[in-house]
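Letter by letter, the chains look like this.
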2 protein chains.
Amino acid sequence: MSARPKQLHVNLFEMACVSHIVHGMWRMPGNNRHRMGEMAYWLEVAKLSEEGLFDAVFLADVIGTYDRFGAGDAPALREGVQIPNLDPLMLVPAMAAVTRHVGFGVTFSTTYEPPFAFARRMATLDLLTGGRVGWNVVTSYLRSAAQNFGLDDEIPHDRRYAIADEYMDVLYKLWEGSWDDTAVRNDAAAGIYTNPDAVRRINHTGTHFRVAGPHLVQPGRQRTPVVFQATGSPAGLEFAARHAEVVFIGGQTTADVRANIARTRERARAHGRHGDDIRFIVMAGIVTDTTDALARKKLEKYQQYYSTEGALVHAQAEIDLRRYDPNERIGDVLRREGVTFGNMNRRFRPDQTIGSALRQIATFDEGRFFAVGSPTTVATQIEGWLDIDGVDGINLRQYHSFDTARDFIDLIIPELQRRGRYRTAYTPGESLRERLFERPGQARLPERHFAARYRDPAALHAPAAPLFPDEPAPSPLSKAS
Amino acid sequence: MSARPKQLHVNLFEMACVSHIVHGMWRMPGNNRHRMGEMAYWLEVAKLSEEGLFDAVFLADVIGTYDRFGAGDAPALREGVQIPNLDPLMLVPAMAAVTRHVGFGVTFSTTYEPPFAFARRMATLDLLTGGRVGWNVVTSYLRSAAQNFGLDDEIPHDRRYAIADEYMDVLYKLWEGSWDDTAVRNDAAAGIYTNPDAVRRINHTGTHFRVAGPHLVQPGRQRTPVVFQATGSPAGLEFAARHAEVVFIGGQTTADVRANIARTRERARAHGRHGDDIRFIVMAGIVTDTTDALARKKLEKYQQYYSTEGALVHAQAEIDLRRYDPNERIGDVLRREGVTFGNMNRRFRPDQTIGSALRQIATFDEGRFFAVGSPTTVATQIEGWLDIDGVDGINLRQYHSFDTARDFIDLIIPELQRRGRYRTAYTPGESLRERLFERPGQARLPERHFAARYRDPAALHAPAAPLFPDEPAPSPLSKAS
């Protein structure tokens, strides 16, 4: 145990859309979310995050529409729920150009685009930013997304994870194995820019992908960007145990959260990793002001703008809960109507009443990681998250851009700093990985991570065991050979 | 005819590698090319280009290695010939973040990545930059590139163009047809961000692609980025006639150049376009100083660093010309050895002697569009390119970063401005398309361009005739259905 109290890691949770996760708030006067198509908006997000000494700006993404509530795409469009939605990869270089320290976590799906191109994009970002990038690995869950990439429907969940596992294998070979650290010589006198003996093709031939290499980008500070992932399913947990460095966890109660963390650490140890090789992050909602009373007043003001309809759209709910008896239980209604609840099952239980679910939505109540109050009140709650729940940090959800971040910076951070719970400066030249793990000098993945095997060129020719060995058929994305 | 003399359009020709096109020059003292992995390098490129009132920074790209000269990848790596090579798409947002006017032309291949994702990336860039982006459409010519994307070898040339034609069709539907200009309402009082009636799915079902949509990004200033293309083959010419707005042309002589331009314009007219709907750009080499004598001295200094080996690598030459009798003709040697000349055939004729080809390489002599001398000498030559050859502009090749651009800005531009041959300021808020065509207010493709048909939603359901109707089999990239 460290003598120093555990410090909070903070990512600003963003998405290049008007209504990301707290729906309807874009309508609030003074909210800048409608400016998300302007370069200036993102440069301000970046500068604000750096002013707040945040770990990173974290960019969510989705590549289809939420089309199950109501008539196709219309409700999502009307509400601005994750459409329009810009490509987050294009935002990172712009934000990096005007900052020096803050990191960037960017969401990208392993399901629809070729690994060689993505490996090159992320390696370019890692190089240009001096090691400030992380990647949130997702496998994409919308049928509407699948239909944008030539498929009729989603690839089944566990199969997506099997594809993702091989995708990671290809990326690691390119990022960790294709170029030695000594490859770039830049020796003008000898006329040698790169030492060819220190670069190699990967010649990956797997179930889903064939990639020759060599990687086109020389190694950046981190080589492999910090691997973020959200778990939930058994396949997702196993994937995280092998690959993830930062895991987003849910859980309405301390017991749930602690169990999630313990289970993930246990599986990571089974993969030869250390328990503290993974950081655990929760999405948190914080509404603060100088006093508890003012903070509650601010919350009430925010709540006036919240859109329940937006929440139902985002949840992919196939029914409009507002039309049912509030005393009925959710599970009963779903059974009777023969519909599904979309993503709602992540937040609500079948035995909950419709009335309580709607109240929960309308009040922003996100359970354990929702704090409303003065800096003292909120900071005390945050200390509980760190010490009692055992999480390492938060993705700060935004109710108002840029007031949510501004309030957090002006009010919460000074209080956390007074308590020794937040950094007081960036460490110059630090990579995102060094910052997240507080391991100075360790910008690269630890030797015990799966990817590190490819630092030995011989490993490039010894196929790694897939994580999900029962996966039989090749991906529909496999190319004809 | 305009009363004003024709003005020169200028793109700075760049690529995110050490040795792009004038090989060996990275070894020259004071050259900054080895810094191409640094963010600061690209921000300087952008600011310098904006200082020079250039139309755009033009970024070349390649997604494999030049592996035919010598032993595989080794010579290319040693010489830094287009490897390491960063992803150019990642450079544009960074450069855009620190500039307000200069445009960006970025190379991307239609052969290996799904159109939906690329449509979104470019639309994001067009939106964020206020319409400052262009896209250089290529189909990728290296076998080593194909092998990075699951294929054994290149898709045959004409088939690549047939795939590219459908790729464009998908993009146009997304860019021009999926969102009306009036779609984004941003009406907080009414709670309507986007009017759903003004957005639609494209439901493209073709030979090579199936893409449902809707497009995820609201329209930017240009919608479709300016379409750049290099022609050469008959298929390429036809493709340019339908799609391209800026065409890179080669030609060693005025007669060649004029014939290329006339032929392309004629084919464009056959597609219902106007002759002046296409701009013609040549790659030009310019070495200048205050006097002719000093400019020649500078050239001699540059020539000392030139690498013939780098040129042979880049040419994909299968033989080392330096090992043969300089008096032999190239064609005879190739026949005898049973090898190909790679891309060399673009620059040299089979009846040329090996000695003359090697001399041409070593002296940088690029034929008609190579000017060495004082500002007066060079400006007069440039006026000839505009008035005699009939080109509209140049991609300025760099011998030295940043001296080549610096010299051009400090010496050539003032002289061109004195002659009324170069803008004296940017027009604020102008899109790249308006700048290139000198058509203020026309940021969008003209109504007579193929893409414009999709502005009528009905056209989304009426399949367009493919440009190459004989193309039979689906692309190996097509997804299982």
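Reading the values: the criteria
- Residues numbered from 1 in each chain as written.
- Chains lettered and ligands numbered in written order.
- Predicted model: local features only at pLDDT ≥ 70, side-chain atom pairs only at ≥ 80, totals over all residues.
- Heavy atoms only, no water.
- Phe/Tyr/Trp six-rings, centres within 6.5 Å; stacked < 30°, edge-to-face > 60°.
- Helix = DSSP H or I, 4+ residues; strand = E, 2+ residues; numbered from the N terminus.
- Buried < 20%, exposed > 50% of the residue type's maximum accessible area, 1.4 Å probe, protein only.
- Lys NZ or Arg CZ within 6 Å of the ring centre and 35° of its normal.
- Least-squares fit on C-alpha atoms with pLDDT ≥ 70 in both.
- Contact = heavy atoms within 4.5 Å.
- Buried area = accessible area lost by both parts, 1.4 Å probe.
- Salt bridge = Lys/Arg side-chain N within 4 Å of Asp/Glu carboxyl O.
- Polar contact = N/O pair within 3.5 Å; in protein donor to acceptor, adjacent residues only side chain to side chain.
- Nonpolar A, V, L, I, M, F, W, Y, C, P; charged D, E, K, R; others polar.
- Core = buried A, V, L, I, M, F, W, Y, C linked by side-chain atoms within 4.5 Å.
- UniProt positions renumbered as here; feature names shortened; annotations may be inferred.

Novice: In this structure, what is going on with the packing of aromatic side chains? I would like to understand it.
Specialist: We describe a pair of aromatic rings using the distance from one ring centre to the other and the angle between the two ring planes. Counted according to the given criterion, the structure contains 42 aromatic pairs over all chains. With centroids separated by 5.9 Å and ring planes inclined at 20 degrees, the aromatic side chains of Phe-228 of chain A and Phe-248 of chain A adopt a geometry described as stacked. You can see Phe-228 of chain A sitting in strand 9 (residues 226-230) and its partner Phe-248 of chain A sitting in strand 10 (residues 246-248), a full 20 residues away along the chain. There is no split in this pair, since Phe-228 of chain A and Phe-248 of chain A are both buried. With a centroid separation of 5.5 Å and an interplanar angle of 80 degrees, the aromatic rings of Tyr-167 of chain B and Phe-209 of chain B are classed as edge-to-face. Here Tyr-167 of chain B, found in helix 6 (residues 157-177), pairs with Phe-209 of chain B, found in the loop between strand 7 (204-205) and strand 8 (210-211); they are 42 residues apart in sequence, far enough to count as distant. Side by side, Tyr-167 of chain B and Phe-209 of chain B carry an identical accessibility label, which is buried. Lying over the aromatic face of Tyr-422 of chain A, Arg-423 of chain A brings its terminal NZ or CZ to 5.6 Å of the ring centre.

Novice: Teacher, can you tell me more about the relation of the copies chain A and chain B here?
Specialist: Superposing the two chain copies requires a rotation about an axis and a translation along that axis. Relative to chain B, chain A is turned by 180 degrees and slid 0.0 Å along the rotation axis, the superposed coordinates differing by an RMSD of 0.0 Å. Here the two chains are linked by the operation of a two-fold rotation axis. When each C-alpha of chain A is compared by its distance to the rotation axis, Ala-94 of chain A comes out closest, at 2.1 Å. By residue overlap, the copies meet face to face through one surface: 100% of the interface positions of chain A are interface positions in chain B.

Novice: Got a minute to help me understand the interface of chain A and chain B in this structure?
Specialist: Each side of the interface is counted separately: chain A has 79 residues, and chain B has 79 residues. Summing both partners gives a buried area of about 6,900 Å² for chain A against chain B, and 61% of it is carried by carbon and sulfur. When the buried area of chain A at its contact with chain B is split by residue, Met-90, Leu-128 and Tyr-193 of chain A rank highest and sum to 11% of it. Our count for the contact surface shared by chain A and chain B stands at twelve salt bridges. Among the ionic pairs, Arg-120 of chain A bridges to Asp-61 of chain B, the shortest N-O distance being 2.5 Å. Applying the counting rule to chain A against chain B returns 32 residue pairs in polar contact (both at pLDDT 80 or more). Of all the secondary-structure elements, those providing two or more residues to the side of chain A that touches chain B are helix 1 (39-51), helix 2 (74-79), helix 3 (91-97), helix 4 (115-129), strand 5 (184-187), strand 6 (192-194) and strand 8 (210-211) of chain A. At eight residues, helix 4 of chain A tops the list of elements feeding residues into the side of chain A that touches chain B. Tallied by class, residues from the side of chain A that touches chain B come to 45 nonpolar, 18 polar and 16 charged.

Novice: What should I look at first to understand the pattern of salt bridges in this one?
Specialist: Close approach of charged atoms allows side chains of opposite charge to pair. Under the counting rule described, the total for this entry stands at 94 salt bridges over all chains. Between Arg-4 of chain A and Glu-438 of chain A there is a salt bridge, with its nearest N and O atoms 2.5 Å apart. Here Arg-4 of chain A, found in the segment before strand 1 (9-14), pairs with Glu-438 of chain A, found in the segment after helix 15 (432-437); they are 434 residues apart in sequence, far enough to count as distant. Owing to a relative accessible area of 41%, Arg-4 of chain A belongs among the partly exposed residues under this scheme. Residue Glu-438 of chain A is classed as partly exposed on the basis of its relative accessible area of 36%. A salt bridge links Arg-242 of chain B to Asp-165 of chain B, with the shortest nitrogen-to-oxygen separation between them at 3.3 Å. One end of the pair, Arg-242 of chain B, is in helix 7 (residues 234-243); the other, Asp-165 of chain B, is in helix 6, and 77 residues separate them in sequence. Classification of Asp-165 of chain B as buried rests on a relative accessible area of 4%. Salt bridges here are not isolated pairs; linked through shared partners, they connect Glu-383, Asp-387, Glu-415, Arg-418, Arg-419 and Arg-421 of chain A.

Novice: How do you make sense of the nonpolar core when you look at a structure like this?
Specialist: Nonpolar side chains tend to gather and get buried jointly when the protein is soluble and globular. In this structure, Phe-408 of chain A together with Phe-408 of chain B are the most contacted members of the largest nonpolar core, which totals 326 residues. Leave out the neighbours within four places in its chain, and Phe-408 of chain A touches Leu-8, Val-10, Phe-54, Ile-286, Ile-382, Ile-394, Leu-396, Ile-413 and Leu-416 of chain A.

Novice: Even after reading the chapter, I still don't get the UniProt feature "binding site: FMN" (unreviewed entry) in chain A, so can you show me in this structure?
Specialist: All names here are of chain A. If you check UniProt for "binding site: FMN" (unreviewed entry), the listed places come out as Asp-61, Thr-107, His-157, Tyr-161 and Ser-233 in our numbering. Mapped onto the secondary structure, Thr-107 falls in strand 3 (residues 103-109). Among residues more than four places away in sequence, those in contact with Thr-107 are Phe-58, Leu-59, Ala-60, Asp-61, Pro-88, Asn-136 and Val-138. Among the polar contacts listed, one links the side chain of Thr-107 to the backbone oxygen of Leu-59, at a separation of 2.7 Å. Its location among the elements puts His-157 in helix 6 (residues 157-177). Beyond its immediate chain neighbours, meaning those up to four positions away, His-157 contacts Ser-233 and Ala-235.

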